[in-house]
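# Structural overview for review
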Amino acid sequence: MSPEQPSGRPADAPPPSPFAGLGKKFDASLARGLGHITRRALGPHQTAVVRIGFAFTWLFYLVREFPHRHELYGPDSPWGFELAEQMISGTGAFSVLMWSDGRLWFEAVYLMAILASVGLLLGWRTRAMSVLFMLGVLSLQNRSIFMGDGGDNVIKLMAIYLVLLRCGQVWSLDARRKAAARGAVPGTDRTGIALWAAAGLALAVTTGGGMLGGWVWQLCLWGLWLVFGAWWVVERHWPGEPRLVCDVIANLVHNMGLLIVMAQVCLIYATAGWYKIQGTRWQDGTAVYYPMNLDYFTPFPELSQALTGNGVLVMIMTYGTVFIQVAFPFALLNRKVKNVLLAVMIAEHVGIAVLMGLPFFSLAMIAMDIVFLPTAFLLWLGYRTRRATAPLSRLTGRRPRTEAGPDDSTDDSPDDSPVTSAAPSAAVSAPRVTADAVPRAGTVVGAGTVTAPATRTGPTAAADGRAPGPDAAAAPPPPGGRGEADRAAADPSPEDPAAGT
């Protein structure tokens, strides 16, 4: 018998392979990763705020420039119809304003762009409104490509990306409609059928008239129309496995679009920072001085002169801008550093809006940066918004409502953005709520499950027919405030990833 080593293994036996079990670990990790991106649409609150931000920015711009719309994009524009036609024919861009140079057609398109922005802002029929929003943005901006301050390019890109995102899962009229209809038999949805039929008729007329141009736009628009129709049929007539397969595909498309949005943000800041490094004015720390002393970019000359009169401050702003833009993609590796840089970048864009008179550019950049904000901060912001609008709801005689979000029953940390998955953090404290916001036993709130029985007081408990307990007032508030607790108590079932479609 061969002697044994202290570990109990025979002396002549080979040592265990360091690669033993790696295949199983890899398979398990791959399965978890695939389940993570197919089970649900990531970042519902981030994409909802991005939707609201860009819809508001474009709506604000259209309303602000309404008196000058004919000179910017209409028949009176210096960039005439013939010049725009030559440009679009050479680049293959899309604009419905090229179908006619009439004033009535321009007014109709401009009004359609405003209505699509309002619909997307409110989250009403988000899928259809996102397509109309994209068509309105492309039509107006491609008509006069020289009208813009840099923010127009960002809005144009995000208008395309929003079509891929399920950005109406929370904080939208679609989410409220889904929550109100949950558990009930699906109705006819006459509004959705009417929108789908009208869109099909418009596509048939424009395709038959040769107005859509090349096959690319025909394929995209007809494909979206068929997908929306198929989704409606599956949702109402095949709620089993076909619906699950459609959910998986929609989640994959959403998560891919979210990744593209985040990559676009990193690409914009990285390229801007590295190009600045190559400039001599950025290298010597004086680049910020020159635009802040141009009459076109000084809405407040006294304030600009006071800032640029300090050489040290000019140098700090110049080098700080370059450092933040170059460092931001790398800061995503650390959640705390990323949050600090986000706050600094948003403050920088606010300064650009005030000091240089570029509000729409700054709003577009801030709306794009929001995709990296932590969920806990967005939940706190939503709670404060509901508190602020509560008097308006009381004046109109309506009780504030909350929609059932897709993440109410998941175990995600409420402090995580789509790019981080660290442990829950207490950086954002929970707002104080009354005792009737305490969730029921066994429901999921934020990152944990409430296991101890909780009693509620006030009108909610009275409506349920339960008497308040002696310790009801001392129950701890949930992390997400009243809205998150109500949603979790109302729907402890798994998330509905189809909300907002």
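Remember, predicted model here, so these are calculated numbers, not experimental data.

## Observations regarding the overall build of the chain
Secondary structure summary: the chain contains 19 helices and two strands in total. Expressed as a percentage of its 501 residues, the buried residues of the chain come to 41%. Nonlocal contacts in the chain, meaning residues at least 24 apart in sequence, comprise 75% of its contacts between residues at least 6 apart. Element-wise, carbon and sulfur atoms account for 68% of the exposed surface of the chain, whose accessible area totals about 26100 Å².

## With respect to the packing of helix α7 (residues 151-164) against helix α11 (residues 241-277)
Packing of α7 against α11 brings their axes to within 8 Å, and their N-to-C directions diverge by 160°. What the angle tells us is that α7 and α11 run roughly antiparallel. Handedness of the α7/α11 crossing: left-handed. Judged by residue contacts, Val154, Leu157, Met158, Tyr161 and Leu164 of α7 engage Val253, His254, Gly257, Ile260, Val261, Gln264 and Ile268 from α11. A per-class count over the contact of α7 with α11 returns nine nonpolar, three polar and no charged.

## Quick notes on the pattern of salt bridges
Under the criterion given, the structure shown has eleven salt bridges. Aspartate 247 is the salt-bridge partner of arginine 166, the closest N and O atoms lying 3.8 Å from each other. Taken together, the residues arginine 166 in the loop between α7 and α8 (173-181) and aspartate 247 in helix α11 connect sequence positions 81 residues apart. As far as the burial class goes, arginine 166 and aspartate 247 line up, both buried. The closest approach of N and O atoms between arginine 243 and glutamate 235, which form a salt bridge, is 3.9 Å.

## Observations regarding the packing of helix α14 (residues 311-331) against helix α15 (residues 335-355)
Think of two packed helices as two axes; the pair is described by the angle between the axes and how far apart they sit. α15 packs onto α14 with a crossing angle of 140° between their chain directions and a minimal axis gap of 10 Å. Pair α14 / α15 crosses with left-handed handedness. Residues Thr321, Ile324, Ala327, Phe328 and Ala331 of α14 pack against Val337, Lys338, Leu341, Leu342, Val344, Met345 and Glu348 of α15. Classifying every residue of the contact of α14 with α15 by side-chain character gives nine nonpolar, one polar and two charged.

## A closer look at a nonpolar patch on the surface
Together, Phe26, Leu30, Leu34, Ile37, Val248 and Leu252 make up an exposed nonpolar region whose accessible area comes to about 500 Å². Counting residues per element, the ones that place at least two in the nonpolar patch are α1 (22-39) and α11. Looking at which element gives the most residues to the nonpolar patch, the answer is α1, with four residues. The class of valine 248 is partly exposed, set by a relative accessible area of 33%.

## Some thoughts on unusual backbone geometry
Although it is not a glycine, arginine 125 sits at a positive phi angle of roughly 50°. One can find arginine 125 in the loop between α5 (103-122) and α6 (126-143). Here the phi dihedral of tryptophan 171 falls at roughly 55°; this positive angle occurs in a residue that is not glycine. With respect to the helices and strands, the residue tryptophan 171 is situated in the loop between α7 and α8.

## Quick word on the nonpolar core
In terms of nonpolar packing, the biggest core is built from 76 residues, with Phe54, Trp58, Leu140, Phe328 and Phe372 touching the most fellow members. It is helix α2 (residues 44-64) that contributes the most residues to this core, nine residues altogether. In terms of nonpolar packing, the next biggest core, distinct from the first, is built from five residues, Trp79, Phe81, Ala84 and Ile88 among them.

## A short note on the packing of aromatic side chains
Inspection of every chain in the model, using the stated rule, returns 16 aromatic pairs. Where tryptophan 196 meets tryptophan 225, the ring centres are 4.2 Å apart and the plane angle is 5°; that geometry is what we call stacked. Highlighted residues: tryptophan 196 in helix α9 (residues 190-208) and tryptophan 225 in helix α10 (residues 215-237), separated in sequence by 29 residues. Judged by relative accessible area, tryptophan 196 falls into the partly exposed class, the value being 33%. By relative accessible area, which is 17% here, tryptophan 225 ends up buried. Look at tyrosine 296 and phenylalanine 297: their rings are 5.0 Å apart centre to centre, the planes differ by 90°, and that puts the pair in the edge-to-face class. When the ring centre of phenylalanine 66 is taken as reference, the NZ or CZ atom of arginine 69 above it lies at 3.8 Å. Just above the ring of tryptophan 282 sits the side chain of lysine 276; from NZ or CZ to the centre is 5.3 Å.

## As for α8
Within α8, the full set of buried residues consists of Asp174, Ala175 and Lys178. Along α8, the residues classed as buried sweep out an arc of 100° about the axis, all on the same side. Residues of α8 that are buried make contact with α6 and α10.

## Focus: the environment of leucine 34
As for its position among the elements, leucine 34 is in helix α1. When its relative accessible area of 46% is taken as the criterion, leucine 34 is described as partly exposed. For the pair leucine 34 and leucine 252, spaced 218 residues apart in the sequence, the C-alpha separation amounts to 9.6 Å.

## Quick word on the side chain of aspartate 174
With respect to the helices and strands, aspartate 174 occurs in helix α8. From its side chain, aspartate 174 meets the backbone nitrogen of arginine 125 in a polar contact 2.9 Å long.

## A word on the side chain of serine 139
Summarising the element assignment, serine 139 is placed in helix α6. A relative accessible area of 0% places serine 139 in the buried class. Each residue touching serine 139, except ones within four places of it in the same chain, is listed here: Phe94, Ser95, Val96, Leu97 and Val109.

## A few points about the environment of valine 49
Along the chain, the position of valine 49 falls in helix α2. Along the chain, valine 49 and glycine 382 lie 333 residues apart, while their C-alpha atoms are 9.9 Å from each other. Not counting residues within four places of it along the chain, the set of residues in contact with valine 49 comprises Trp171, Ile370 and Leu378.

What counts, and where the lines are drawn
- Residues numbered from 1 in each chain as written.
- Predicted model: local features only at pLDDT ≥ 70, side-chain atom pairs only at ≥ 80, totals over all residues.
- Heavy atoms only, no water.
- Helix = DSSP H or I, 4+ residues; strand = E, 2+ residues; numbered from the N terminus.
- Buried < 20%, exposed > 50% of the residue type's maximum accessible area, 1.4 Å probe, protein only.
- Contact = heavy atoms within 4.5 Å.
- Areas by Shrake-Rupley, 256 points an atom, 1.4 Å probe, with all protein chains shown as cover.
- Axes fitted to C-alpha atoms, helices over the stretch in contact; angles between N-to-C directions.
- Parallel < 35°, antiparallel > 145°, perpendicular 65-115°, else oblique.
- Left-handed = near helix turned anticlockwise from the far one by under 90°.
- Nonpolar A, V, L, I, M, F, W, Y, C, P; charged D, E, K, R; others polar.
- Salt bridge = Lys/Arg side-chain N within 4 Å of Asp/Glu carboxyl O.
- Patch = residues over 30% accessible without salt bridge, like charges linked within 9 Å, V, L, I, M, F, W, Y side chains within 5 Å.
- Core = buried A, V, L, I, M, F, W, Y, C linked by side-chain atoms within 4.5 Å.
- Phe/Tyr/Trp six-rings, centres within 6.5 Å; stacked < 30°, edge-to-face > 60°.
- Lys NZ or Arg CZ within 6 Å of the ring centre and 35° of its normal.
- Arc of directions from axis to C-beta.
- Polar contact = N/O pair within 3.5 Å; in protein donor to acceptor, adjacent residues only side chain to side chain.

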